[in-house]
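# Inside the fold
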Amino acid sequence: MDVERDSVSGVVTVTEAYRDTFAPGPILSLALAVDGYSALLFCADEGLHYWDVRDRHLKGTYQGHSAGRYVIKPAFGGHAQSLVASGSQDCSVYLWHRDTGYLLAAMTGHVGTVNAVAWNPANPQVLASVSDDSTVRIWGVAAAAAAAGSDGSAGGGGGGGGGSGGELVAKAASG
């Protein structure tokens, strides 16, 4: 990446380091991990894909959520950013193990599409979600994070995942 500063105006110009075309199709939203090398790409194929920016390859695709005609903003989070969270058109918040793709939780409570999620930067076991139902929900995900274990599999015997895994801590509604 080249960075140049104009000596008169002080304007900084940055040129791109590289460009990739992503096979699953148009990218609708992007989330970067703090490591700078991992990206979540939400694509028009309704896929949520884990992309290695440094090595330029697909590391995985997360399953379970639905998007339809909505743009969904996912996020890396949890301890050491070992979790991936995403909203869904089915009004749920989904939580996966980052590296294995194992579905840890499908948290319900919203009554509209969940458009975005964000992790609390001060507490990696707290997740916020926003929805078309005009609410913000705060989730405690300690149980789901513990269930992931160090290897990302369910602590009690594998399977398809998808337990409740999250506890609603607070709810705020507009209006």
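What comes next is a walk through the structure. (Residues numbered from 1 in each chain as written. Predicted model: local features only at pLDDT ≥ 70, side-chain atom pairs only at ≥ 80, totals over all residues. Heavy atoms only, no water.)

## Let's talk about the nonpolar core
- Core analysis: the biggest nonpolar cluster contains 15 residues, and Val93, Leu95, Met107, Trp119, Leu127 and Val141 have the highest contact counts within it.
- Every element with two or more residues in this core is listed here: strand 8 (83–87), strand 9 (93–97), strand 10 (103–107) and strand 11 (114–119).
- Among the nonpolar cores identified, the runner-up in size contains 13 residues, and Ala31, Leu40, Tyr50 and Tyr62 belong to it. (Core = buried A, V, L, I, M, F, W, Y, C linked by side-chain atoms within 4.5 Å. Buried < 20%, exposed > 50% of the residue type's maximum accessible area, 1.4 Å probe, protein only. Helix = DSSP H or I, 4+ residues; strand = E, 2+ residues; numbered from the N terminus.)

## Section: the side chain of Ser38
- Tracing the backbone shows Ser38 in strand 4 (residues 38–43).
- Relative accessible area serves as the criterion here: at 5%, Ser38 is assigned to the buried category.
- Among the polar contacts listed, one links the side chain of Ser38 to the side chain of Arg98, at a separation of 2.4 Å.
- Here Ser38 is in contact with Ala31, Leu32, Ala33, Tyr50, Trp51, Val53, Phe76 and Arg98, once residues within four sequence places are set aside. (Polar contact = N/O pair within 3.5 Å; in protein donor to acceptor, adjacent residues only side chain to side chain. Contact = heavy atoms within 4.5 Å.)

## Topic: the pairing of strand 3 (residues 27–32)
- Of the strand pairs in this sheet, strand 3 and strand 4 are connected by 5 bridges, and their pairing is antiparallel. If you follow Ile27 over to strand 4, its bridge partner there is Cys43.
- As consecutive antiparallel partners, strand 3 and strand 4 are separated by 5 residues, and within that stretch Gly36 has a phi angle of approximately 80°, a positive value. (Pairing = 2+ DSSP bridges.)

## A word on the sheet that holds strand 9
- Taken together, the 4 strands give an open sheet; going across it, the order is 7-8-9-10, and neighbouring strands pair in antiparallel fashion. Each edge of the open sheet is held by one strand with a lone partner, namely strand 7 (75–77) and strand 10. Taken over all neighbouring pairs, the strand axes of this sheet differ in orientation by 20° on average, direction set aside. (Axes fitted to C-alpha atoms, helices over the stretch in contact; angles between N-to-C directions.)

## Considerations on the sheet that holds strand 6 (residues 57–62)
- Judged by pairing direction, the sheet is antiparallel, and its 4 strands sit side by side in the order 3-4-5-6 without closing on themselves. Only two strands of the sheet have a single partner each, and these edge strands are strand 3 and strand 6. Within this sheet the neighbouring strands show an average axis-to-axis angle of 25°, counted without direction.
- Relative to strand 6, strand 5 (residues 48–52) runs antiparallel, the two sharing 5 bridges. Paired with Tyr50 across the strands is Gly60, a residue of strand 6.

## Regarding the environment of Lys73
- Along the chain, Lys73 turns up in the loop between strand 6 and strand 7.
- Between the C-alpha atom of Lys73 and that of Asn115, which follows or precedes it by 42 residues, the distance is 6.2 Å.
- Apart from residues no more than four positions distant in its own chain, Lys73 is found in contact with Ser29, Leu30, Ala31, Asn115, Ala116 and Val117.
- Within the local environment of Lys73, its side chain forms a polar contact with the backbone oxygen of Leu30, the two atoms lying 3.2 Å apart.

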